[in-house]
Amino acid sequence: MNLVGNLASVIGVIIASVGFVITIRNVGKSKKAADRAEIAANKTLERVRYVDNVQNLSRAISVIEEILRLNRTGEWKVLLDRHLIFRSILIDVKRSATNLSDDHKAIIQDGITHSGSISHNIEVALDEDSQPASIPRMNKILSKQVEQLRDILAEMRMETDG
Amino acid sequence: MAAYKKLAHLAYLLHQKTVKGEIDWKETVLNGEYQASFSNYSIQISLVNSQGSPEACVKMSVIGEGGDEIESFTDEDIELQWLSEFESNLSPYVMMHDTYGAARRLAVGAEKAINQILSELVDDVNPW
């Protein structure tokens, strides 16, 4: 009777140990699955952010093209609004696109600074009831900016497709 | 005063890099003003009337992330910091005017044009 009892105890310990090992393995598997899910979620989030940045940069180019047209017609008050939108979009892109190179960030910063200077120039001209800086010069600078932003956009799109 | 010390250092480094052609200066909407951008800030350089001299002095402005001027100084402002801080033979006046001239040549493409013409002239003189 005592032998049967001891045997049952030993078997009990063995079963408990095996169960414990299986539980530990399952916990490990669950953790790995959770980690994989987190990585996948982060990747998806990163991709969504990237697509947002591509769309925002594309929108910034549309705004600057509109600014080029409005410069020719001299709609200065509307232009001030457009410049503000243009700068806000570029600031947003520069902050959220963490994988942008320093060269690309410098090009975007160039756009923000040009737009800020042009806005200031328009504000002063409106205040003094005078003409802002030369329109061909403004459009030459902004056209160069469009070309450079298009290059960045093309590179970002290639990365998104890849 | 400590702020001018840093600005003097900034002017010194910008001069070093500009004369080597390592900074991408560009024209701005204002005649005679040039700008170079970095990842989060820009620098604008221009000539302004001097307070104590009939000759123009060079003004450098630091432009913030949002496109507004956040700091500016002239060669006159950093004059006092100069001799004690840098082993430079140039005075702030000469150095900042030199930076301005080099920035202008880089921005309008004159530096590139002169380099190319020079290289072609050298090739013509020494065809082998």
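This text follows the structure it describes.
(A) Examining the overall build of chain B more closely. Regarding its fold elements, chain B presents 4 helices and 5 strands. By residue count, 30% of the 128 residues in chain B fall in the buried class. Taking the contacts inside chain B whose residues are at least 6 apart along the sequence as the reference set, 44% of them involve residues at least 24 apart.

(B) Region of interest: the overall build of chain A. Looking only at helices and strands, chain A features 4 helices and 0 strands. Moving toward the C terminus, one meets the helices and strands of chain A in the order α-α-α-α. For 162 residues, the compact-globule estimate of 2.2 N^0.38 gives 15 Å, and the C-alpha radius of gyration of chain A, at 30 Å, exceeds that figure by more than 25%. On the principal axes, the C-alpha backbone points of chain A span a range of 110 × 30 × 20 Å. Taking all 162 residues of chain A together, the buried fraction comes to 25%. Residue pairs in contact within chain A that sit at least 24 positions apart in sequence constitute 71% of those at least 6 positions apart.

(C) Just the packing of helix 2 (residues 76-96) of chain A against helix 3 (residues 102-128) of chain A, in detail. All names here are of chain A. Between helix 2 and helix 3, the least distance of the axes is 9 Å, while the angle of their chain directions is 160 degrees. By the angle between their axes, helix 2 is roughly antiparallel relative to helix 3. Considering how the two elements wind past one another, helix 2 and helix 3 form a crossing that is left-handed. Contacts between helix 2 and helix 3 involve Trp-76, Leu-79, Leu-80, His-83, Phe-86, Arg-87, Leu-90, Ile-91, Val-93 and Lys-94 from the former and Lys-105, Ile-108, Gly-111, Ile-112, Ser-115, Gly-116, Ile-118, Ser-119, Ile-122, Glu-123 and Leu-126 from the latter.

(D) Molecular detail of the pairing of strand 3 (residues 42-48) of chain B. All names here are of chain B. Two strands pair when backbone bridges link them, and strand 2 (residues 34-37) and strand 3 are joined in this way by 4 bridges, in the antiparallel orientation. Paired with Gln-35 across the strands is Gln-44, a residue of strand 3. Between strand 2 and strand 3, which pair antiparallel and follow one another directly, the connecting turn spans 4 residues. Across 7 bridges, the pairing between strand 3 and strand 4 (residues 57-63) is antiparallel. Bridge pairing links Ser-46 to Lys-59 in strand 4.

(E) How the structure looks around the interface of chain B and chain A. Contact with chain B, which involves 17 residues of that partner, is made by 19 residues of chain A. For the side of chain B that touches chain A, the elements supplying multiple residues, two or more each, are strand 1 (26-27) and strand 2 of chain B.

(F) Representation of unusual backbone geometry in the model. Positive phi, normally seen in glycine, also occurs at Asp-129 of chain A, with a value near 55 degrees. Among the structural elements, Asp-129 of chain A can be located in the loop between helix 3 and helix 4 (135-161).

(G) Structural context of the nonpolar core. Formed by 24 residues in total, the largest nonpolar core has its most connected members in Leu-57, Ala-60, Phe-86, Leu-90 and Val-93 of chain A. Elements supplying a minimum of two residues to this core: helix 1 (2-73), helix 2, helix 3 and helix 4 of chain A. For Ala-60 of chain A, the residues in contact, after removing those within four places along its chain, are Phe-86, Ile-89, Leu-90 and Leu-149 of chain A. Of all hydrophobic cores here, the second largest spans 21 residues; its members include Ala-8, Ile-45, Tyr-100 and Ala-103 of chain B.

(H) Spatial organisation of the pairing of strand 4 of chain B. Residues and elements named next belong to chain B. In terms of burial, strand 4 is largely enclosed, as 5 of its 7 residues are buried. For strand 4 and strand 5 (residues 69-74), the ladder comprises 5 bridges, and the chain directions are antiparallel. The partner of Lys-59 across the bridge, within strand 5, is Thr-74.

(I) Representation of the sheet that holds strand 2 of chain B in the model. Strand order across the open sheet formed by 5 strands is 1-2-3-4-5 (chain B), with antiparallel pairing between neighbours. Looking along the sheet, the strands with just one partner apiece sit at the ends: strand 1 and strand 5 of chain B. Each of strand 1, strand 2, strand 3 and strand 4 of chain B is contacted by helix 3 of chain A, which is oriented at about 145 degrees to strand 2 of chain B, the strand it contacts most. Contacting strand 1, strand 2, strand 3 and strand 4 of chain B, helix 3 (residues 92-108) of chain B runs over the sheet at an angle of about 115 degrees to strand 3 of chain B.

(J) View of the packing of helix 1 of chain A against helix 2 of chain A. Residues and elements named next belong to chain A. Running from N to C, helix 1 and helix 2 point in directions that differ by 155 degrees, and their axes come no closer than 9 Å. Classified by the angle between their axes, helix 1 and helix 2 sit roughly antiparallel to one another. Relative to helix 2, helix 1 is oriented so that their crossing is left-handed. Mapping the contact onto sequence places Arg-49, Asn-53, Asn-56, Leu-57, Arg-59, Ala-60, Val-63, Ile-64, Glu-66, Ile-67, Leu-70 and Asn-71 in helix 1 and Val-78, Leu-79, Arg-82, His-83, Ile-85, Phe-86, Ile-89, Leu-90, Asp-92, Val-93 and Ser-96 in helix 2. Here the contact of helix 1 with helix 2 is composed, by residue class, of 13 nonpolar, 5 polar and 5 charged.

So, how was this worked out
Residues numbered from 1 in each chain as written. Chains lettered and ligands numbered in written order. Predicted model: local features only at pLDDT ≥ 70, side-chain atom pairs only at ≥ 80, totals over all residues. Helix = DSSP H or I, 4+ residues; strand = E, 2+ residues; numbered from the N terminus. Buried ≥ 20, exposed ≤ 12 C-beta atoms within 10 Å, placed from the backbone. Contact = placed C-beta atoms within 7 Å. Rg over C-alpha atoms; globule rule 2.2 N^0.38 Å. Axes fitted to C-alpha atoms, helices over the stretch in contact; angles between N-to-C directions. Parallel < 35°, antiparallel > 145°, perpendicular 65-115°, else oblique. Left-handed = near helix turned anticlockwise from the far one by under 90°. Pairing = 2+ DSSP bridges. Core = buried A, V, L, I, M, F, W, Y, C linked by C-beta atoms within 7 Å. Nonpolar A, V, L, I, M, F, W, Y, C, P; charged D, E, K, R; others polar.

Purely spatial values, then, with no claim about function.
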